[in-house]
Amino acid sequence: MSRKMLPLVENIPVKYFNETVQPMDRPRRFLEVFAAVLKHSNYGYVLDHFSRVVAKCARCAVECPVYQATGRSDDIPCARTEKLLRVYRRHFTPEGRMMARLLGTPPLTNADIDAMAEDFYRCTACRRCNLECPMGVDHGIMTHLGRYILSEMGIVPKALHVSVREQLEGKTGNTSGIPVPALVDTLSFLEEELKEKFDRDIKFPVDQEEAEYVFFPAVSDYLLEPDVLMGQAAVFHATGDSWTIGTGNFDGINYGLFYNDRFLEDIVRKEIAEVRRLKGKKILVGECGHASRTAKGFVPTYNEGPPIEVVNILEYTDRAIQAGKLKLDPEAIKERVTYHDPCNYARSGWIIEQPRRIIRSFIKDFVEMEPHGRDNYCCGGGGGTVSVDEIRKFRTSIGGKRKAEQLRATGAKYVIAPCANCKKQVKEVIEDHKLDMELVGLHDLILKAIRF
Amino acid sequence: METLIEFGRGPLFRFAVAVAVLGLLRQAVLSAWGVRQMLKRAADNRIALGAVVWRTIVQLNPLRYFTGNRWLYSMLSTLFHVGLILVPVFFLGHIRLWRRGLGLGWPALPMGVADVLTIVTIVTGLALFVARGWAKASRQISRPQDWLLPPLIALEFLTGYLLAHPGTTTFRFETLMLVHVGVGDLLLILTPFTKIAHCAMLPFSQLVAELAWRFVPGAGREVVKTIGKEGQPI
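These numbers come from a predicted model, not from an experiment.

Q: Could you give an account of the overall build of chain A, naming the residues involved and the relevant values?
A: A count of helices and strands for chain A gives 23 helices and 12 strands. Since a compact globule built from 452 residues should have a radius of gyration of about 22 Å, the 22 Å found for chain A is in line with a globular shape. Taken along the three principal axes of its C-alpha coordinates, chain A extends 80 × 50 × 35 Å. Here chain A holds 452 residues, and 56% of them are scored as buried. For chain A, contacts bridging at least 24 residues in sequence account for 79% of all contacts bridging at least 6.

Structure below.
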């Protein structure tokens, strides 16, 4: 059942949620799901702690690109978090229930649920606010939990819902709905392209057992980013390491991270199963940010067998350059280049220097955005919101406003946005803000510069 | 009034200290117990403790906030906290009270230093109140306690200063003492129930945030079983 939600911004009617629960039952259902989540997970301890330490200093507000653009109080991370904490305190703590009796604190209402559904999807889950919170409150996990509860009562953006359904229950088993024969065709086409370009047999190995690396890019790369894929294949050709793409699962995307722990787990387990089937050693994730974070962060949680190392392709290529295995022509790219840090691996400090070392190894005119690295601004499409085409105007004019300003200030010809979600969003930011620059992946440029 | 003051400095003070100490202890124990439970339930419970400790130190270092956004608010807040922590514990008059109430004593701050810290706390307490109202974002999200605590603390320090310098005021000594003792006891009693409790819980924050993303395997399946959605298609 489709349901009209509150407008995200003026003049943008939003009808992108699925909802299965009848309005009269919504507060009860929300509390049932919340109770079940508290019972079976660790969120209760987190809520307990955060609800006691929040100081309402509003430092997070100044860090949040969405609040910076709207000035709307509900966009302040602490205010959004408070919506969930209030429900927790009111309904799930003895103090809250006692205070409700004494002071008549109102219970959860339909309007509260509407407000949460809207606010938790205005947040891009970039966790920039977390960096500056003097109390150490992680508003990202609160957004995640809020979305999780809503999703189990059926409130979830259709775009995310459809993608995950196809990945976990669909015939193709991936978010872009690519059948295996189409994948194989694409790969052989790309091999021909590489042959034409380099006069070499550069392969995309498929279902090769016992390979060192089993490759999981964002599956959309197979449709939209052929140069990135060819760049990655060229790097492997140069290093000589064994790698493979598995036909059982070739999609690194994991939208469970954005809204539902159950799906997050199932998708990670599916990746692990494919590595086991192929007797591979390591998971190699493409340039995509959230795909990398989910594998790196959750394979150790859901892997029941021997440990599987998770490597991102930027780490891999960086190591190859450090080891002197790649020859990149410093004259190949003469234009000015800038680099956008995907929140999902820069915010934690995991992948910040690796891409910069790669870039500096062959690009002369590299300019940073300010701020960058761990402090970088989200592209505006984080947290899965980039999949929701209905809110493009919101994403680019509000969520992506700071990013557009940052990009314009660099004067760069190329902006490298490694992550698949960032790529789509930054491309739309460039279009909607009429910026004179081109979006590329890092391995796009490597493909232009690699020499054998 | 004498009787009230004596009550405030005697039994009520001991009660207020007990509430504050036991309340904070409870908060700290709950946080520690929560961390333990999270570690027990999470499948991936390897923690890079060094990194977490380092992040906690970084988070607690007030200087880092001086160059970022809201730098003025951060400086005010830091100065406010310095006086707030030192004066109640290390002012000579308070040490006498501690000794009387609890039988414990320790060296005192020089009077001049205590005076400066007291004035700084009063000024910054009031400035924090103004700053909270001044900045739209903090104004929008403030709870009653956020508005009340800084001026209440400033009042406590102001009455304390006037009591220590009786020549500077026309107020009656007993009135000032009653307000000072009463507000002091109130603040102690409020400590575990308001955001002042962060003093006991802050050291756990980074660890809690780290563990928050260590999920419990199979929890999602258990949730759908509990809510009666098991076996339903996505």
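Having seen it, we continue.
Q: Go over the pairing of strand 6 (residues 309-312) of chain A with me, naming the residues and quoting the values.
A: Residue and element names in this part refer to chain A. Because side chains alternate across strand 6, one face comprises the buried residues Val310 and Asn312, and the other comprises Glu309 and Val311, none of which is buried. Bridge analysis of strand 5 (residues 282-285) against strand 6 gives 4 bridges, and the strand direction is parallel. When the sheet's bridge partners are listed, Ile283 is paired in strand 6 with Val310. Each parallel crossover has a hand, and for strand 5 linked through helix 16 (residues 289-302) to strand 6 it is right-handed.

Q: Go over the interface of chain A and chain B with me, naming the residues and quoting the values.
A: Taken together, the contacts link 46 residues of chain A with 51 residues of chain B. Secondary structure elements with two or more residues in the side of chain A that touches chain B: helix 1 (26-40), helix 2 (43-53), helix 3 (59-63), helix 5 (77-92), helix 9 (139-152), helix 10 (158-169), helix 15 (261-277) and helix 16 of chain A. Here the residues of the side of chain A that touches chain B sort into 22 nonpolar, 9 polar and 15 charged.

Q: So what's going on with the sheet that holds strand 8 (residues 337-339) of chain A? Residues and values would help.
A: Pairing between the strands of a sheet is mediated by backbone hydrogen bonds and can be parallel or antiparallel. All names here are of chain A. With parallel pairing, 4 strands are arranged side by side in an open sheet as 9-8-10-11. Here the strands that pair on one side only, and so sit at the sheet edges, are strand 9 (366-367) and strand 11 (438-440). Note: strand 10 (residues 414-416) against strand 11, 3 bridges, orientation parallel. Along strand 11, the bridge assignment pairs Val415 with Leu439.

Q: I'd like to hear about the packing of helix 1 of chain A against helix 9 of chain A, residue by residue, with values.
A: All names here are of chain A. Running from N to C, helix 1 and helix 9 point in directions that differ by 120°, and their axes come no closer than 9 Å. Here helix 1 is positioned oblique relative to helix 9, judged by the angle of their axes. Here helix 1 and helix 9 pass one another in a crossing that is right-handed. Along its contact with helix 1, which presents Phe30, Val33, Phe34 and Val37, the element helix 9 presents Tyr148, Ile149 and Glu152. Looking at the contact of helix 1 with helix 9, its residues break down into 6 nonpolar, no polar and 1 charged.

Parameters and conventions
- Within any chain, residue numbers begin from 1 and follow the written order of that chain's sequence.
- Think of it this way: whatever chain is written first is A, whatever ligand is written first is 1, and the rest follow in order.
- Note on the predicted model: pLDDT of at least 70 is required for a residue's local features to be given, and 80 or more for side-chain atom pairs to be given and counted; whole-chain, interface and lining totals, by contrast, use all residues.
- Every helix listed is a DSSP run of H or I at least four residues long, and every strand listed is a run of E at least two residues long, numbered separately from the N terminus.
- Here the globule rule reads 2.2 Å times residues to the power 0.38, and the radius of gyration is calculated from C-alpha atoms.
- Residue burial is a threshold on neighbouring C-beta atoms within 10 Å of the residue's own C-beta, all placed from the backbone, with 20 or more meaning buried, 12 or fewer meaning exposed, and counts in between meaning partly exposed.
- By definition, residue pairs are in contact when their C-beta atoms, positioned from the backbone, come within 7 Å.
- A pair of strands is labelled paired if DSSP reports no fewer than 2 bridges between them.
- Crossovers are described as right-handed under a simple rule: with the strands pointing away from the observer, the path leading from the first strand over the helix to the second runs clockwise.
- Any residue outside Ala, Val, Leu, Ile, Met, Phe, Trp, Tyr, Cys, Pro, Asp, Glu, Lys and Arg is labelled polar, Gly included; the first ten of those are nonpolar and the last four are charged.
- Note on geometry: axes are lines fitted to C-alpha atoms, helical ones only across the stretch in contact, with angles between N-to-C directions running from 0 to 180 degrees.
- Each angle gets one of four labels, with under 35 degrees taken as roughly parallel, over 145 as roughly antiparallel, 65 to 115 as roughly perpendicular, and the rest as oblique.
- A clockwise turn of the near helix away from the far one marks a right-handed crossing, whereas an anticlockwise turn of less than a right angle marks a left-handed crossing.

Geometric descriptors of this kind do not, in isolation, establish any biological role.
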